[in-house]
Amino acid sequence: MGKIPLNTNVISDRLLRSWLRCKRKAWLDRFGNSQEKLWNAHRALELDHQHKSFLDLLHSKPEKGLNACIKGKEGIIGLRLKGFGPKGIKLEAHPHLLQKTEGQSKWGDFSYRPVIAKQGKRLTREQKLNLCLNGFLLEPFLENKVPYGLAIRKTNQGLEIEHVQLNKLLQNQLINSLENLSEELKKTIPPPITSDRKKCTLCSWRGVCNAEAAAIGHLSEVNGIGARRREILQSLGINLLKDLAETEPIDLASKLHKFGEQHGEIAFELVAQAKAQLNGDIERLNPDKILPEINFAKGILIYDIESDPDERNDFLHGLMSLKREENGSWNIKKGRYHPILNLEKKDESYTWKKLKMKLEKYQDWPILHYGETEIITISRMAKKNNLPEEDISKICNRMIDIHSRTREYWRLPINSYGLKSLAGWIGFKWHQAGADGPNALLWWRQWKQVKIEDRKKSTKLKSIFEYNKDDCLATWAVTNWLMSKG
Ligand code: SF4
């Protein structure tokens, strides 16, 4: 579906989806400068999953357009439905898939129902209302009732199918949403940035909104403030990062206690973090040596995993080995990257053998990683492959989580202590601009779709390795920065 022209007053299923995710997103979809939108691999991953789910549902490939519908084909795509909603609102929908069902339509003894693919287990409000809008516009098109739609999900265990009743209750919710959306689009300024900034990671408008949030000092910019905490702070008259930085921590703690102990306990931390971000301060929190384990190490390993959550497969175990120089210094340019691929979940014991060999080859070298994933994964794999407890402990004792070490020793003027944000603040640059975990996952899935004999020619795997290697190098950049501080 293309972008809605600026002057049109049609509400499409796409616009409704945007609005249900974030009111500001729908407004920007209609009035924003589309050149400021940023691509993100998440949508491509969704479409890939949708495609696989649809193929699992149908017996034959879906066919396109009205003619296929008239002929009563099993699955229909590429259809545009139009109609009118409450208060004469013009509506348009492009159902992802229509599936032929029993019943009657103006073309004969068959009917259709809308189908959507869901990503997670739970059906979201956005998905329900989307089905409902499709059903609403499908009824006059078929000249018959559409009592329910399907929400499906391909999983490792098979295809999950959920029947969704398109009842009065859902229709009322749809009407309400369409009316509210239509009102929102009459405004000349965009709605405020959402409180739940987690949504922004996947949104194409994140560049515009992140820049605005930083410029105004939006509360959500303060590390540790999510949607709920922001609401609470606003109810106390603290609306911006600057307000929080100027608040007396003891007063704030006593006010926040009323909302739950956990909020009160974090008051000091929130004010200190806001101050650090406002003033660009860095503050040491612990005077002890930061990385004593590396002091006398002959070398280090850096470990980073890439995963496919749908397949529950850690498809790449990236290791970088770095030997200490004769003069005691480190030269990351001499680091050697060792990617270990795990093609399918079932191949994991073979992958474990290769990983174990590497860990044994560089015996006693500390293993640096960023976040908990690597230590959780390595202990799980070791247990599953019957490594004795004592040996598992030895491996785990070699592992150093650079993320938690940073948090323990430093307060920094950054809005996230994630690897991208922290390494970027230190000055590290990824070779592939804009690459991230979802991107690596997309490349992986695309590479797996290439015929085995053509895989060597595909550049996808090279891009994944480069991205993963960069994550190792970024972990090193943070480690190096920590070591430089003693
Ligand atoms: S980036 Fe965030 S605030 Fe901006 S439109 Fe997207 S979800 Fe809404």
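Residues numbered from 1 in each chain as written. Predicted model: local features only at pLDDT ≥ 70, side-chain atom pairs only at ≥ 80, totals over all residues. Heavy atoms only, no water.

## Here we look at the overall build of the protein chain
And step 1. In terms of regular secondary structure, the protein chain is built from 19 helices and 16 strands.
And step 2. In terms of overall dimensions, the protein chain has C-alpha extents of about 85 × 60 × 40 Å along its principal axes.
And step 3. Looking at the protein chain residue by residue over its 486 residues, the buried ones come to 49%.
And step 4. Considering only contacts in the protein chain between residues 6 or more positions apart, those separated by 24 or more positions represent 65%.
And step 5. About 25100 Å² of surface is accessible on the protein chain, with carbon and sulfur atoms providing 51% of the total.
And step 6. Measuring between centres, the 80 positive side-chain charges of the protein chain sit 4 Å from its 60 negative side-chain charges. (Helix = DSSP H or I, 4+ residues; strand = E, 2+ residues; numbered from the N terminus. Buried < 20%, exposed > 50% of the residue type's maximum accessible area, 1.4 Å probe, protein only. Contact = heavy atoms within 4.5 Å. Areas by Shrake-Rupley, 256 points an atom, 1.4 Å probe, with all protein chains shown as cover. Lys, Arg positive; Asp, Glu negative; His and termini not counted. Charge placed at Lys NZ, Arg CZ, Asp CG, Glu CD.)

## Things to note about the nonpolar core
And step 1. One finds Ile300, Leu368, Ile402, Val478 and Leu482 to be the most contacted residues of the largest nonpolar core, which totals 45 residues.
And step 2. Mapped by element, the contributors of at least two residues to this core are helix H3 (41–57), strand S11 (299–308), strand S12 (313–323), helix H16 (402–409), helix H17 (419–426), helix H18 (437–449) and helix H19 (460–484).
And step 3. The biggest single contributor to this core is H19, with 11 residues.
And step 4. Dropping the residues within four chain positions of it, leucine 482 is found in contact with Ile290, Leu291, Ile402, Thr406 and Trp410.
And step 5. Residues Ile89, Ala93, Ile116 and Leu129 belong to the second largest nonpolar core, which totals 36 residues. (Core = buried A, V, L, I, M, F, W, Y, C linked by side-chain atoms within 4.5 Å.)

## Some points on the sheet that holds S11
Pairing between sheet strands relies on hydrogen bonds along the backbone, with the strands arranged either parallel or antiparallel.
And step 1. Here we have 5 strands laid out as an open sheet, ordered S13-S12-S11-S14-S15, and mixed in their pairing. In the strand order of this sheet, the two ends are held by strand S13 (336–341) and strand S15 (399–401), each with one partner. Averaged over neighbouring strand pairs, the angle between their axes works out to 25° when direction is ignored.
And step 2. Of the strand pairs in this sheet, S11 and S12 are connected by 9 bridges, and their pairing is antiparallel. (Pairing = 2+ DSSP bridges. Axes fitted to C-alpha atoms, helices over the stretch in contact; angles between N-to-C directions.)

## Notes on the domain arrangement of the protein chain
And step 1. By the assigned domains, the protein chain splits into domain 1 (11–184), domain 2 (217–281) and domain 3 (292–484).
And step 2. Relative placement of domain 2 and domain 3: their C-alpha centres are 34 Å apart.
And step 3. With 10 residues of domain 2 at the contact, the number on the domain 3 side is 8 residues.
And step 4. Between domain 2 and domain 3, the buried area comes to about 720 Å², and carbon and sulfur atoms account for 40% of it.
And step 5. Between the two partners, domain 2 and domain 3, sit 1 salt bridge.
And step 6. The salt bridge partner of arginine 411 is glutamate 269, with a shortest N-O separation of 2.8 Å.
And step 7. Remark: the boundary between domain 2 and domain 3 carries 6 residue pairs in polar contact (both at pLDDT 80 or more).
And step 8. In terms of residue class, the side of domain 2 that touches domain 3 is built from 3 nonpolar, 4 polar and 3 charged. (Domains from an automatic or database assignment. Buried area = accessible area lost by both parts, 1.4 Å probe. Salt bridge = Lys/Arg side-chain N within 4 Å of Asp/Glu carboxyl O. Polar contact = N/O pair within 3.5 Å; in protein donor to acceptor, adjacent residues only side chain to side chain. Nonpolar A, V, L, I, M, F, W, Y, C, P; charged D, E, K, R; others polar.)

## What to know about the pairing of strand S7 (residues 111–117)
Regular strands have side chains that alternate between both faces of the sheet.
And step 1. Here S7 lies mainly inside the structure; 7 of its 7 residues are buried.
And step 2. On the question of chirality, the crossover connecting S7 to the parallel strand S8 (residues 148–155) by way of helix H5 (residues 125–142) is right-handed. (Right-handed = clockwise from strand over helix to strand, strands pointing away.)

## A closer look at the sheet that holds strand S5 (residues 90–93)
And step 1. An order of S1-S5-S4 is seen for the 3 strands of this open sheet, with the pairing classed as mixed. The open sheet has two edge strands, strand S1 (11–12) and strand S4 (81–84), and neither has a second partner.
And step 2. The pairing of S4 with S5 spans 4 bridges and is antiparallel. Each bridged residue has a counterpart across the sheet, and for phenylalanine 84 the counterpart in S5 is lysine 90.

## Observations regarding the site of the ligand
And step 1. Cys22, Arg24, Lys25, Ile193, Thr194, Cys200, Cys203, Trp205, Arg206 and Cys209 make up every residue found near the ligand.
And step 2. Every element with two or more residues in the shell around the ligand is listed here: helix H2 (23–31) and helix H7 (206–216).
And step 3. Looking at the shell around the ligand, its residues break down into 6 nonpolar, 1 polar and 3 charged. (Near = heavy atom within 4 Å.)

## Quick notes on the environment of leucine 97
And step 1. Structurally, leucine 97 can be placed in strand S6 (residues 97–101).
And step 2. For the pair leucine 97 and glutamine 446, spaced 349 residues apart in the sequence, the C-alpha separation amounts to 23 Å.
And step 3. Once you skip the residues sitting within four places of it in the chain, leucine 97 turns out to touch Phe54, Leu57, Leu58, Pro62, Gly75, Ile76, Ile77, Arg113, Pro114 and Val115.

## A word on the packing of helix H10 (residues 249–257) against helix H12 (residues 267–279)
And step 1. Where H10 contacts H12, the axes come no closer than 8 Å and their chain directions differ by 135°. It follows from the interaxial angle that H10 and H12 lie oblique. Between H10 and H12 the crossing geometry is right-handed. Here Pro249, Leu252, Ala253 and Leu256 of H10 come into contact with H12, specifically with Ala267, Phe268 and Val271.
And step 2. In the contact of H10 with H12, the residues fall into 7 nonpolar, no polar and no charged. (Parallel < 35°, antiparallel > 145°, perpendicular 65-115°, else oblique. Left-handed = near helix turned anticlockwise from the far one by under 90°.)

## What about the packing of aromatic side chains?
And step 1. Tallied over the full model, the rule gives 11 aromatic pairs.
And step 2. Summarising the aromatic geometry, the rings of tyrosine 362 and tryptophan 365 are spaced 4.8 Å apart at their centres and angled 45° between planes, so their arrangement reads as tilted.
And step 3. The class for tryptophan 365 is buried, based on a relative accessible area of 11%.
And step 4. Their ring planes at 70° and their centres at 5.7 Å tell us that tryptophan 425 and tryptophan 481 sit as a pair that is edge-to-face. With a gap of 56 residues between them, tryptophan 425 in helix H17 and tryptophan 481 in helix H19 connect regions that are remote in the sequence.
And step 5. We classify tryptophan 425 as partly exposed; its relative accessible area is 33%. (Phe/Tyr/Trp six-rings, centres within 6.5 Å; stacked < 30°, edge-to-face > 60°.)

## Observations concerning the side chain of histidine 218
And step 1. With respect to the helices, strands and loops of the structure, histidine 218 is situated in the loop between H7 and helix H8 (227–235).
And step 2. For histidine 218, a relative accessible area of 5% corresponds to the buried category.
And step 3. Among the polar contacts listed, one links the side chain of histidine 218 to the side chain of serine 220, at a separation of 2.5 Å.
And step 4. Not counting the four nearest positions on each side in its chain, histidine 218 is found in contact with Ile193, Thr194, Arg197, Ala213, Arg230 and Leu241.

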